[in-house]
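# Summary of the model geometry
Here are the chains, one letter per residue:
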Amino acid sequence: MAMAIVSVLAAAPLAAAEEVRTAPTPVAAIYPGDVLAPATLTLRRFYGRTLRRAQAVERMEDAVGKVARRTLAPGRPIPASALTDPAAVTRGVPAPMVYRHGGLTITGRGAPLRSAAVGETVEARNIETGRVVTGKVAPGGIIEVGGP
């Protein structure tokens, strides 16, 4: 029994010396689909091991503007996996489509079959022909289709 006490006492200075870092946390519950804004977050101090274990976002800039994938509890670290980029195109909402090849440019409108962020590949139904095409979402919500 005396050995157990010694080992606990020996570990105490290590815990006290552990680094303390700050990380953004929700002020109130944030629900799936909500966009994180500066007013919805506050900085809170955590031990480094807590942030590493949660694989948490440690900078306010890395959280602001992201969309919650799941409910985020107030005062708790925000796991990076719980955030995603906002959708640039929304499922079923018509978006401009562009096909470029050399000097040829063809434009049209398509309805994405799923919501997607910039840089993601998405399928969209051409509104005029009904044909489904695949393209990459560009800034501004434009779907760049095909090409070489």
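The following refers to the structure shown. The structure presented is a predicted model; accordingly, all values stated were derived computationally and were not measured.

### Quick look at the overall build of the chain
If you tally the helices and strands in the chain, you get two helices and nine strands. The order of helices and strands in the chain, counted from the N terminus, is α-β-β-α-β-β-β-β-β-β-β. Taken over 148 residues, the chain has a buried fraction of 28%. Considering only residue pairs separated by 6 or more positions, the chain has 47% of its internal contacts joining residues 24 or more positions apart. Summed over its atoms, the accessible surface of the chain is roughly 9,400 Å², and 58% of this surface lies on carbon and sulfur atoms.

### A few points about the pairing of strand S7 (residues 121-126)
Every second residue of S7 is oriented toward a common face, the buried set being Val122, Ala124 and Asn126 and the non-buried set Thr121, Glu123 and Arg125. Looking at chain direction, strand S6 (residues 104-112) and S7 are connected through three bridges and run antiparallel. Bridge pairing in S7 links Pro112 to Ala124. Summarising the sheet, S7 and strand S8 (residues 132-138) pair through five bridges and their orientation is antiparallel. In the strand pairing of S8, Ala124 is matched with Val133. Between S7 and S8, which follow one another and run antiparallel, lie five residues, and Gly130 among them has a positive phi close to 80 degrees.

### Considering the nonpolar core
Judged by nonpolar contacts, Ile30, Leu36, Leu41, Val57, Ala63, Ala68, Leu72, Ile78, Ala82 and Leu83 together constitute the single largest core of 10 residues. Not counting residues up to four positions away in its chain, the partners in contact with Ile30 are Leu36, Thr40, Leu41, Ala68, Arg70, Thr71 and Leu72.

### Looking at the environment of Met97
With respect to the secondary-structure elements, Met97 resides in strand S5 (residues 95-101). Judged by relative accessible area, which is 6%, Met97 ranks as buried. Excluding its chain neighbours within four sequence positions, the residues that come into contact with Met97 are Ile106, Thr107, Gly108, Arg109, Gly110, Ala124, Asn126, Val133, Ile143 and Val145.

### Some words on the sheet that holds strand S9 (residues 142-145)
Strand order in the closed barrel made by the five strands is S5-S6-S7-S8-S9, with mixed pairing throughout. Across the sheet, the mean angle separating the axes of adjacent strands is 50 degrees when strand polarity is ignored.

### Considerations on the pattern of salt bridges
For side chains bearing opposite charge, pairing can occur when the charged atoms are close. Throughout the structure, instances matching the rule amount to eight salt bridges. Close ionic contact of Glu58 with Arg21 constitutes a salt bridge, the shortest N to O distance being 2.9 Å. Of this pair, Glu58 sits in the loop between helix H2 (48-54) and strand S3 (67-68) while Arg21 sits in strand S1 (residues 20-26); the two residues are 37 residues apart in sequence, bridging distant segments of the chain. Residue classification places Glu58 among the partly exposed residues on the basis of a relative accessible area of 32%. Glu144 is paired through a salt bridge with Arg100; the nearest N and O atoms lie 3.8 Å apart. Of the two residues, Glu144 sits in strand S9 while Arg100 sits in strand S5, which places them 44 residues apart along the sequence. Residue Arg100 is classed as partly exposed on the basis of its relative accessible area of 48%. Counted as one network, the salt bridges with shared partners bring together Glu19, Arg21, Arg52 and Glu58.

What counts and what doesn't
- Residues numbered from 1 in each chain as written.
- Predicted model: local features only at pLDDT ≥ 70, side-chain atom pairs only at ≥ 80, totals over all residues.
- Heavy atoms only, no water.
- Helix = DSSP H or I, 4+ residues; strand = E, 2+ residues; numbered from the N terminus.
- Buried < 20%, exposed > 50% of the residue type's maximum accessible area, 1.4 Å probe, protein only.
- Contact = heavy atoms within 4.5 Å.
- Areas by Shrake-Rupley, 256 points an atom, 1.4 Å probe, with all protein chains shown as cover.
- Pairing = 2+ DSSP bridges.
- Core = buried A, V, L, I, M, F, W, Y, C linked by side-chain atoms within 4.5 Å.
- Axes fitted to C-alpha atoms, helices over the stretch in contact; angles between N-to-C directions.
- Salt bridge = Lys/Arg side-chain N within 4 Å of Asp/Glu carboxyl O.

Limitation: the analysis is restricted to geometry and does not speak to function.
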